[in-house]
There are 2 protein chains.
Amino acid sequence: MSSVKDVAQLAGVAVGTVSRVINNSGAVKPATRKKVEEAIRALQYVPNEVARNFKMQKSKTVALLLPSIWHPFFSELAYYIEDELDLGSFKLMLCNSGGRPEKEMYYLDMLQQNKVAGIVGITYNDIEDMVRTDIPIVSIDRHFSKRITCVTSDNYEGGRLALRELVKAGARKPAFIGSRTQLFSETMNRRDGFVDEAESLGIDCVVYEKPDPVTDDEAYYDELFHKHRDIDGVFAITDMFAAKYIEKAKGLGIRVPEDVRVIGYDGIQDHAYFHPVLSTIRQPVEEMARMTIRLLFDKIEGKEISQDTYRLPVTFRPGETT
Amino acid sequence: MSSVKDVAQLAGVAVGTVSRVINNSGAVKPATRKKVEEAIRALQYVPNEVARNFKMQKSKTVALLLPSIWHPFFSELAYYIEDELDLGSFKLMLCNSGGRPEKEMYYLDMLQQNKVAGIVGITYNDIEDMVRTDIPIVSIDRHFSKRITCVTSDNYEGGRLALRELVKAGARKPAFIGSRTQLFSETMNRRDGFVDEAESLGIDCVVYEKPDPVTDDEAYYDELFHKHRDIDGVFAITDMFAAKYIEKAKGLGIRVPEDVRVIGYDGIQDHAYFHPVLSTIRQPVEEMARMTIRLLFDKIEGKEISQDTYRLPVTFRPGETT
């Protein structure tokens, strides 16, 4: 009985090349492939089925990249992602990237080696140049290129909605407060929707932004209160920004919602036991998670994806701060 | 060059048996092993290194079983578990068991097949009978047997500490409120420490418990307020129980901490932006997570573990409710 070495010797190629031909993996020149196939026939070589199955075995694991699982928004997202993966008999591998590119790279490398079937998640690195075009990746909140499908909430409409709700609650000088990442993120559309809606309604609004991440909360809010004493409405880019604003405002004797109405974004509070219960633009976290995984499954199966970016509708969830 | 089939034929065994001998995996009778080894020598058989490496490749993945990642205590735990695994170049596979035994079984099965190197986490099933004695498992909060090492916080001391802090804050009729799982959990020691400390100080205390999970919050708290009108201190088995108590009490005009002092257990609030900031017995989550993984690594390496249960010290974290 001949071995893979016999085949390699007869074809005049390395054992690895024979393996690539057998498993249909990796690049092999057509002429080389022909030589290997002829040697296989000549020697009546039967590939070791065990080894072959190992090679061919498709991974049933999907990697989830998150800045940190220790955050209510991300843990809710991970919860539903795991649930949807489980429905398809896939397992979830969790990576807290902490924004470290080298940690994310490790998973991309696993993807290239077929150790994971696909990657989903939120990355703050410019991974676009690192990935092959046909790799199954679905990004949340960041659109890289046509090659990487993006799922996000309708941030622009969320911004417009926040502006209208602040005005409805009595605000005449509303402000957007947030931070800006270096790379474009879909979340920046929250500001644009807010500003555009203010303009179309003829309302004077303030935009207050600092580079992301904001490391000095004290300085951030001090400058905001110092520069913009006259604002009477705040739309914060996240619920956490809103909660911090309210706490700082309280220290200065500013009452919420009497003096300033506040709306956040995310909807991280899933019960009403801690206060204030924020008025917020609620992301459809479950739908985002399930759609992300369904699109990933489509990609793994080689199906065509019709859109680059899927923007899911948001809702206003009234709380105690408007 | 001989193949594994030649070896099997000569030894008069199945191919799978040869594979088990080569890879030192699974049970093979000594006599059978000897026959296979003789055949290997006779045929000067060299195992296919590629296939062998696949087989021998130790999994570098650890499964984490949790009832749900969408909970601040579990997501903090998962965060540090992933971090400690990463230090050892291990990957984390996440399973929200939702208390479903069949989902947990799947991971135990993967462990038996060497697809994961070990399992850690919180399970509400009686997994003891399902596992081989030498499988690397570290359980959090539940002690099964000598075979499964358990890491937990010092629940008993936490209960004692809570009683003393309530008394220090002025309570004369303190109550423990919680729920009881069917299987013993280390968390039940919270009550015992509380009750024992009350007894040793000669203080009259109340114990209010219902079967876990409590599905009807309304009925649970209604009965508590109805039966125990005179309590002026509450130690709740978790922060969530404490938060719900406070909200219900507020609805009845009971002020916290003026009328009733309240202490929770966990320390799920990692910032002071939502109120009340609970006075609580803080679990050393990071230390618990890192110790769990270090013990698991010891087990994977076949080292002896000196203790059955590791109880890590807790601290009282004062908040706005005492």
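Residues numbered from 1 in each chain as written. Chains lettered and ligands numbered in written order. Predicted model: local features only at pLDDT ≥ 70, side-chain atom pairs only at ≥ 80, totals over all residues.

**Details of the interface of chain A and chain B**
With 29 residues of chain A at the contact, the number on the chain B side is 29 residues. Grouping the constituent residues of the side of chain A that touches chain B by class yields 15 nonpolar, six polar and eight charged. Taken together, the three bridges between strand S2 (residues 91–96) of chain A and strand S2 (residues 91–96) of chain B define a ladder with antiparallel strand orientation. Following the sheet pairing, Leu94(A) is matched in S2(B) by Leu92(B). (Contact = placed C-beta atoms within 7 Å. Nonpolar A, V, L, I, M, F, W, Y, C, P; charged D, E, K, R; others polar. Pairing = 2+ DSSP bridges. Helix = DSSP H or I, 4+ residues; strand = E, 2+ residues; numbered from the N terminus.)

**Thoughts on the environment of Arg255(B)**
Residues and elements named next belong to chain B. For Arg-255, the position within the fold is in the loop between helix H10 (239–251) and strand S9 (261–266). On the basis of neighbour counts, which here come to 10 C-beta atoms within 10 Å, the residue Arg-255 falls in the exposed class. Separated by 46 residues in sequence, Arg-255 and Glu-301 place their C-alpha atoms 54 Å apart. (Buried ≥ 20, exposed ≤ 12 C-beta atoms within 10 Å, placed from the backbone.)

**Focus: the domain arrangement of chain A**
Residue and element names in this part refer to chain A. Domain boundaries in chain A define domain 1 (4–56), domain 2 (61–153 + 285–314) and domain 3 (155–283). Taking the mean C-alpha position of each, domain 2 and domain 3 sit 28 Å from one another. Counting residues at the interface gives 13 residues for domain 2, matched by 14 residues for domain 3. Counting only elements with at least two residues in the side of domain 2 that touches domain 3, the list comes to helix H5 (72–87), strand S5 (149–153) and helix H11 (285–300). The element contributing the most residues to the side of domain 2 that touches domain 3 is S5, with three residues. Split into classes, the residues belonging to the side of domain 2 that touches domain 3 amount to seven nonpolar, three polar and three charged. (Domains from an automatic or database assignment.)

**With respect to the relation of the copies chain A and chain B**
With an axial shift of 0.0 Å and an RMSD of 0.3 Å, the rotation relating chain A to chain B amounts to 180°. Taken together, the turn and the small shift mark the pair as related by a two-fold rotation axis. With an isologous cut-off of 70% or more, the 100% of interface residues of chain A that recur at the interface of chain B puts this contact in the isologous class. (Least-squares fit on C-alpha atoms with pLDDT ≥ 70 in both.)

**Thoughts on helix H10 (residues 239–251) of chain A**
All names here are of chain A. Taking 1.5 Å of rise per residue, the 13 residues of H10 would be expected to cover 18 Å, and the 19 Å separating its terminal C-alpha atoms lies within 8% of that figure. Those residues of H10 that fall on the buried side of the exposure criterion are Asp-239, Phe-241, Ala-242, Ala-243, Tyr-245 and Ile-246. Looking at the buried residues of H10, the elements they touch are strand S6 (174–180), helix H9 (217–227), strand S8 (233–236), strand S9 (261–266) and strand S10 (279–282). Two residues or fewer after H10 comes Gly-253, characterised by a positive phi angle close to 80°. (Expected span 1.5 Å × (residues − 1).)

**Overview of the sheet that holds strand S11 (residues 309–312) of chain A**
Read from one edge to the other, the open sheet built from 12 strands follows the order S11(A)-S5(A)-S4(A)-S3(A)-S1(A)-S2(A)-S2(B)-S1(B)-S3(B)-S4(B)-S5(B)-S11(B), with strand pairing classed as mixed. Two strands bound the open sheet, and with one partner strand each, they are S11 of chain A together with strand S11 (309–312) of chain B. For this sheet the average axis-to-axis angle between neighbouring strands, irrespective of direction, equals 25°. Pairing geometry for S5(A) and S11(A), over four bridges, is parallel. Across the sheet, the residue bridging to Thr152(A) is Arg311(A), located in S11(A). (Axes fitted to C-alpha atoms, helices over the stretch in contact; angles between N-to-C directions.)

**Focus on helix H3 (residues 30–43) of chain A**
All names here are of chain A. Here H3 is 14 residues long and its end C-alpha atoms lie 20 Å apart, about the 20 Å a rise of 1.5 Å per residue gives. Listed in full, the buried residues belonging to H3 are Lys-35, Val-36, Ala-39 and Ile-40. Take H3 and look down its axis: the buried residues cluster within an arc of 135°, on one side only. Along H3, exposed side chains directed more than 90 degrees from the buried face belong to Pro-30, Ala-31 and Arg-41. (Arc of directions from axis to C-beta.)

**Some details on the nonpolar core**
Core analysis: the biggest nonpolar cluster contains 78 residues, and Val62(A), Leu64(A), Val62(B) and Leu64(B) have the highest contact counts within it. Residue contacts for Val62(A): discarding those within four places in its chain leaves Leu85(A), Phe90(A), Leu92(A), Met93(A), Val116(A), Ala117(A), Gly118(A), Val120(A) and Leu296(A). In terms of nonpolar packing, the next biggest core, distinct from the first, is built from 64 residues, Val234(A), Phe235(A), Ile237(A) and Ala243(B) among them. (Core = buried A, V, L, I, M, F, W, Y, C linked by C-beta atoms within 7 Å.)

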